[in-house]
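So you can see what is in the structure, the chains are spelled out below.
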Amino acid sequence: MEENNENIQFKISQELIEQVAQLVDARSDDDLSNLLNEFHHADIAEILDEINLEQATYIFKLLDSDKTSEILLELDDDNREKILATLSVKEIAEELEELDTDDAADIISELPEARKEHVIAEILDVEHAADIQELLTYDEDSAGGLMAKELVKVNENWTINKCVKEMRAQAEDVTRVHSIYVVDNDGKLIGRLSLKDLLIASTKAHISDVYIPKVDYVDVHEDVEEVAKIMQKYDLEAIPVVDANKTLLGRITIDDIVDVIKEEAEKDYQLAAGITQDVEADDSIIQLTRARLPWLFLGLVGGVGAFLIMEGFQGVFAKYKELFFFTPLIAAMAGNVGVQSSAIIVQGLANDDVKGSVNKRLIKEMFLAALNGIILALFLFLFVWIYNQDYKIALAISVSLVAVIIIAGLIGTFIPLFLDKRGIDPAIATGPFITTSNDIFGILIYFWIAKLILNI
């Protein structure tokens, strides 16, 4: 049966979605339950996202809470919000009782303020409810906002025999035991326990004799991006979270970090595309307009600036009209080089790979841009000379290209470093901001150098 479950998750098709919808409409509860029970909760969530709200709600209320609670986490955000709105306070509380505290806190945080307290009050497990309330007090972008309270911890003064008994009791509430943490009598984290050492130790020995003092941990107020970097650097599946007194509060697991990395990548991608807010394709026209319009307006201002610059060089156009036709090439190269440079720096900043002083980074980029510019300029010089038979025009355009590429590379390198120093997301610098600024600078440099070389 397990093998069938692994294979069937790849068979989500339009025919299956239509079959599920038909069973719902026919109210064939037994057939519907038998069919869906063969699927992973993520696959069921995918099906619910594809059918209408009434059908999705019917299925949600038909299945058991132990399954629907997991489905709830996998649903599209908008669909989850709509389904939660159809559930009573008690029904939501029943779903949350099946979830780990971090997931339950995430669900509650999405509810309207008026329902949050009522839902928590309906949770029968008082300790579970208290843990959820505690997690809601932390900033969502901090380690505290990401951690789960479920973990396995043992006291350094316990014997191995008592430790095993306590671990069995604690493990019932933990989905996966990644690590066993050791605390002192005050609940402070002092180390971790190896399962191998636990198995081979004498049952009369104490935990203090076998635990490992070295343990990685993060502060409860640490930024989630820093937590992700630490777990990535040390290849951790889980990391404990402590307060200022090093009291063990919870743990963060790798699946939560993957979600953080995904969300950050999506946000950076949208910023790079010139979208200032977190939006999705299904959002309203007004929401999408608010997210896109600011950078589009910046592009419009940049275009007007380029027009004014070109208007100031009408004399150059009048005498050498060939220069006009190479303007798009110069602007495009400036934008491309700037985006390339900024993208590398932004990636390096995200991975904490950018080391050394800003000056060294700029000098390196200048030489790199100069090398690329000279190689490209040689090809461009040959093309213009063969096409136009005027080496002065070819020289003016080629030299301008080298200068524009160097300046674009320096701007693309400096801007994200500057933004990062000021605490602003440097991903902004990989989008229209860099493209527009480099277009303007590129055109200005292009005509200024051309005018200088051609003695106009």
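Just above, that's the structure.
First things first, this report covers the structure right here in the doc. (Residues numbered from 1 in each chain as written. Predicted model: local features only at pLDDT ≥ 70, side-chain atom pairs only at ≥ 80, totals over all residues. Heavy atoms only, no water.)

Here's the deal with the overall build of the protein chain
- Scanning the protein chain from N- to C-terminus turns up 24 helices and 6 strands.
- Judged by the C-alpha coordinates and their principal axes, the protein chain covers about 90 × 65 × 45 Å.
- Once local pairs closer than 6 in sequence are excluded, the contacts in the protein chain between residues at least 24 apart make up 66%.
- Carbon and sulfur atoms provide 55% of the accessible area of the protein chain, an area that totals close to 25,400 Å².
- Side chains of the protein chain carry 38 positive and 81 negative charges; the gap between the two charge centres is 10 Å. (Helix = DSSP H or I, 4+ residues; strand = E, 2+ residues; numbered from the N terminus. Contact = heavy atoms within 4.5 Å. Areas by Shrake-Rupley, 256 points an atom, 1.4 Å probe, with all protein chains shown as cover. Lys, Arg positive; Asp, Glu negative; His and termini not counted. Charge placed at Lys NZ, Arg CZ, Asp CG, Glu CD.)

A look at helix α22 (residues 358-388)
- Between the first and last C-alpha of α22 there are 42 Å, a value that for 31 residues agrees with the 45 Å anticipated at 1.5 Å per step.
- Taken together, the buried positions of α22 are Leu-362, Glu-365, Ala-369, Ala-370, Gly-373, Ala-377, Leu-380, Val-384 and Asn-388.
- In the core, the buried residues of α22 are packed alongside α20 (322-325), α21 (327-350) and α23 (391-421).
- Looking one or two residues past α22, Gln-389 carries a phi angle of roughly 60°, positive in sign. (Expected span 1.5 Å × (residues − 1). Buried < 20%, exposed > 50% of the residue type's maximum accessible area, 1.4 Å probe, protein only.)

Focus: the packing of aromatic side chains
- Taken as a whole and judged by the stated rule, the model has 5 aromatic pairs.
- Taking the ring centre of Tyr-58 as reference, the NZ or CZ of Arg-27 above it sits at 4.2 Å. (Phe/Tyr/Trp six-rings, centres within 6.5 Å; stacked < 30°, edge-to-face > 60°. Lys NZ or Arg CZ within 6 Å of the ring centre and 35° of its normal.)

Focus on helix α3 (residues 29-36)
- Among the residues of α3, Leu-32, Ser-33, Leu-35 and Leu-36 are the ones counted as buried. For α3, the arc enclosing every buried residue in end-on projection is 165°, short of the 170-degree limit, so these residues lie on one face. Every exposed residue of α3 that faces more than 90 degrees away from the buried side is listed here: Asp-30 and Asn-34.
- Here the buried face of α3 lies against α2 (14-25), α4 (41-50), α5 (53-62) and α6 (65-74). (Arc of directions from axis to C-beta.)

Looking at the nonpolar core
- By size, the foremost hydrophobic cluster in this structure holds 57 residues, and its most contacted members are Val-20, Leu-48, Ile-59, Leu-96 and Ile-252.
- Of all the elements, α2 adds the most residues to this core, at 6 residues.
- With near-sequence residues (within four places) excluded, Ile-59 lies in contact with Val-20, Val-24, Leu-32, Leu-36, Leu-48 and Ile-51.
- Counting 35 residues, the second largest nonpolar core, distinct from the first, contains Met-310, Phe-317, Ala-369 and Val-404. (Core = buried A, V, L, I, M, F, W, Y, C linked by side-chain atoms within 4.5 Å.)

Details of the sheet that holds strand β4 (residues 218-219)
- Overall, mixed pairing links the 3 strands, which are arranged β4-β5-β6 in an open sheet. If you trace the sheet from one side to the other, it starts and ends with β4 and β6 (248-253), each paired once.
- Where β4 lies against strand β5 (residues 238-242), 2 bridges are found, and the strand directions are parallel. Bridging from a neighbouring strand, Asp-219 pairs with Val-242 of β5. (Pairing = 2+ DSSP bridges.)

Remember that the coordinates give geometry; whether it matters functionally is a separate question.
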